[in-house]
Amino acid sequence: MFGPNFQEGHKIRCGERIQVELEEDDSLAMEVILKALHYHKPNQCPVDAERLASIAVHCDKYDCTGALSSWISYWLNNLTPITRRPEDLGFLLLAAYNFDDAEQFKEISARALRDLTLDFPLAWKSYNILSLLPENIPSIMTTQIQGMLRQLHIITQSVETILRQNKSGYEMQRQVCMNCGRTPPMEARKCHPCNNPTLYQRYCTFESRVAEYFAILAKEELWPSVTPFEICSLSDLVLRLTCAKNDVKHSCVAGSRCPLNSELGQLCDRVCRFETGVVGLCLRCVKRGEWNESQSCTCT
Ligand SMILES: [Zn+2]
Ligand SMILES: [Zn+2]
Ligand SMILES: [Zn+2]
C-alpha cells in the first residue's frame, strides 16, 4: 500500500501526509500493533486472549509477525499459563496459528486437549473470530479428546478386574454390628445406637474391596461412570481420581500392601502420567492437512 504503485505510496514520496482508513479492522488491535511497530510500549492497552487473537489475525493480514516477534512471545508466554476458559484457549490457538508459532501451538493445543470438555465447539461458536480457525482443528481436537476420555474410562474400569483377581483377605481395624451395619472401632464393647453387645471382626475381602472402590468413585461423582467420562475434561477426571486416592479411609492389617490401597495408588500414577503425556498438535502437519489421519507428527 505504501509502495510507489499505490496512490498512498506515491503521495508519501511527494512529501504529503496521508490518511489510511482501516474500516474493517479492529482499531484496538491495530493500535497495539502500530505502537509496538513504532517502539512504543503497547502495555497501556491490556492484551487478553481475545485481543491477542485479533492482533494475530491483523499481523497475518499486514505481514508484520516478524517485526513483532518479541512482543508475540511475551504475550503468549504471559497468557498461556493463566488461561482456563474454553473460548480463551480457542483465542490462544488462533493466535499461535496466525503467528505461525509451532512451539506455542503445540503447547496450547496440549493444554486444550487436557482442559476442554467435549462441548467446547459450542462455546467457540459464540465468538465470530474463532470461525477463522480452520475447520479441521475443532474436529481433530474432538476426536482426540473422545479417544483420551475412552482410554481413561478403560483404565479406571480395569481396576475392578484387577481387584477381583486377588482373593486375599485381611482383618480390618473395625468391627461390624449385624443389626445396623455400623462399623464401631476395635475398642468398642457394644454398638451404642442399637445397644448390641455382639460385634464381629470386619474383614477386607476382594468383594468388599470392589464395593469400596465403587463407593470411592461414587463419592467423586465418577460412578456410574458413563456420563462423567463423556462430559468432563481429562484434567478434571484426573483430579477427581487423585482426590479419590487421597481421601480413601480404608485401613486393614495389610496397610499399603492392601490391594485396594496399592491399586488406587497405581491408578493415580497411571492417569497422572497419561495426562502429562498428552502431546499437542503439530502446526506444520495441521497446515498440510496431514494430522487428521495419523494423529501424530509426520514431519521428519
Ligand atoms: Zn448397631
Ligand atoms: Zn484392605
Ligand atoms: Zn508435524
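Predicted model, so just to flag it, every value in this text is computed and none were measured. (Residues numbered from 1 in each chain as written. Chains lettered and ligands numbered in written order. Predicted model: local features only at pLDDT ≥ 70, side-chain atom pairs only at ≥ 80, totals over all residues. Heavy atoms only, no water.)

(A) Summary view of the side chain of Arg 111. You can see Arg 111 is positioned in helix H6 (residues 102-115). Under the relative-accessibility criterion, Arg 111 is labelled buried at 11%. Once residues within four sequence positions are removed from consideration, Arg 111 is found in contact with Thr 80, Pro 81, Thr 83, Arg 84 and Leu 89. (Helix = DSSP H or I, 4+ residues; strand = E, 2+ residues; numbered from the N terminus. Buried < 20%, exposed > 50% of the residue type's maximum accessible area, 1.4 Å probe, protein only. Contact = heavy atoms within 4.5 Å.)

(B) Geometry of the coordination of the zinc ion (ligand 3). The protein atoms donating to the zinc ion (ligand 3) are Cys 282 (SG), Cys 285 (SG), Cys 297 (SG) and Cys 299 (SG), with metal-donor distances spanning 2.2 to 2.4 Å. Classification of the site at the zinc ion (ligand 3) as tetrahedral follows from its four donor atoms and the range of 103 to 118° in their angles at the metal. Read N to C, the donor residues that coordinate the zinc ion (ligand 3) are spaced as C-x2-C-x11-C-x1-C. Cys 285 matches Cys 282 in its accessibility class, with the two residues each being buried. (Donors = N, O, S within 2.8 Å, 3.2 Å for Na, K, Ca; no water. Tetrahedral: all angles 85-135°; square planar, octahedral: opposite > 155°, others 65-115°.)

(C) Structural detail: the coordination of the zinc ion (ligand 1). Summarising the metal site, the zinc ion (ligand 1) is bound by the protein donors Cys 177 (SG), Cys 180 (SG), Cys 191 (SG) and Cys 194 (SG), whose distances to it range over 2.2 to 2.4 Å. Relative to the metal, the four donor atoms surrounding the zinc ion (ligand 1) lie at angles of 100 to 127°, and the coordination shape comes out tetrahedral. Linear spacing of the donor residues for the zinc ion (ligand 1) on their chain is C-x2-C-x10-C-x2-C.

(D) Looking closely at the domain arrangement of the protein chain. Partitioning the protein chain into structural domains gives domain 1 (32-133), domain 2 (146-167 + 206-300) and domain 3 (170-204). Listed as interface residues are 15 residues of domain 1 and, on the opposing side, 18 residues of domain 2. Buried area between domain 1 and domain 2, summed over both chains or domains, comes out near 1,400 Å², and the portion from carbon and sulfur atoms is 65%. Of all residues in domain 1, Leu 113, Arg 114 and Leu 118 bury the most surface against domain 2, accounting for 40% of the area lost on that side. Here domain 1 and domain 2 share two salt bridges between them. For Asp 100, the salt bridge identified is with Lys 287, shortest N-O distance 2.7 Å. Taken together, the links from domain 1 to domain 2 amount to seven residue pairs in polar contact (both at pLDDT 80 or more). When contributions to the side of domain 1 that touches domain 2 are tallied by element, the ones reaching two or more residues are helix H5 (86-99) and H6. The element best represented in the side of domain 1 that touches domain 2 is H6, accounting for eight residues. (Domains from an automatic or database assignment. Buried area = accessible area lost by both parts, 1.4 Å probe. Salt bridge = Lys/Arg side-chain N within 4 Å of Asp/Glu carboxyl O. Polar contact = N/O pair within 3.5 Å; in protein donor to acceptor, adjacent residues only side chain to side chain.)

(E) Focus on the pattern of salt bridges. According to the stated counting rule, one finds eight salt bridges in the structure shown. Here Arg 111 makes a salt bridge to Asp 115, at a shortest N to O gap of 3.0 Å. Note that Arg 111 and Asp 115 are positioned in helix H6 at a spacing of four residues, about one turn of the helix. Owing to a relative accessible area of 22%, Asp 115 belongs among the partly exposed residues under this scheme. Between Asp 236 and Arg 240 there is a salt bridge; the shortest N-O distance is 3.3 Å. Of this pair, Asp 236 and Arg 240 both sit in helix H11 (residues 234-247), four residues apart, roughly one helical turn. Asp 236 gets classed as partly exposed once you look at its relative accessible area, which sits at 26%. Overall, Arg 240 belongs to the buried group, its relative accessible area being 18%. In the salt-bridge network here, residues are joined through shared partners; they are Arg 85, Glu 87 and Asp 88.

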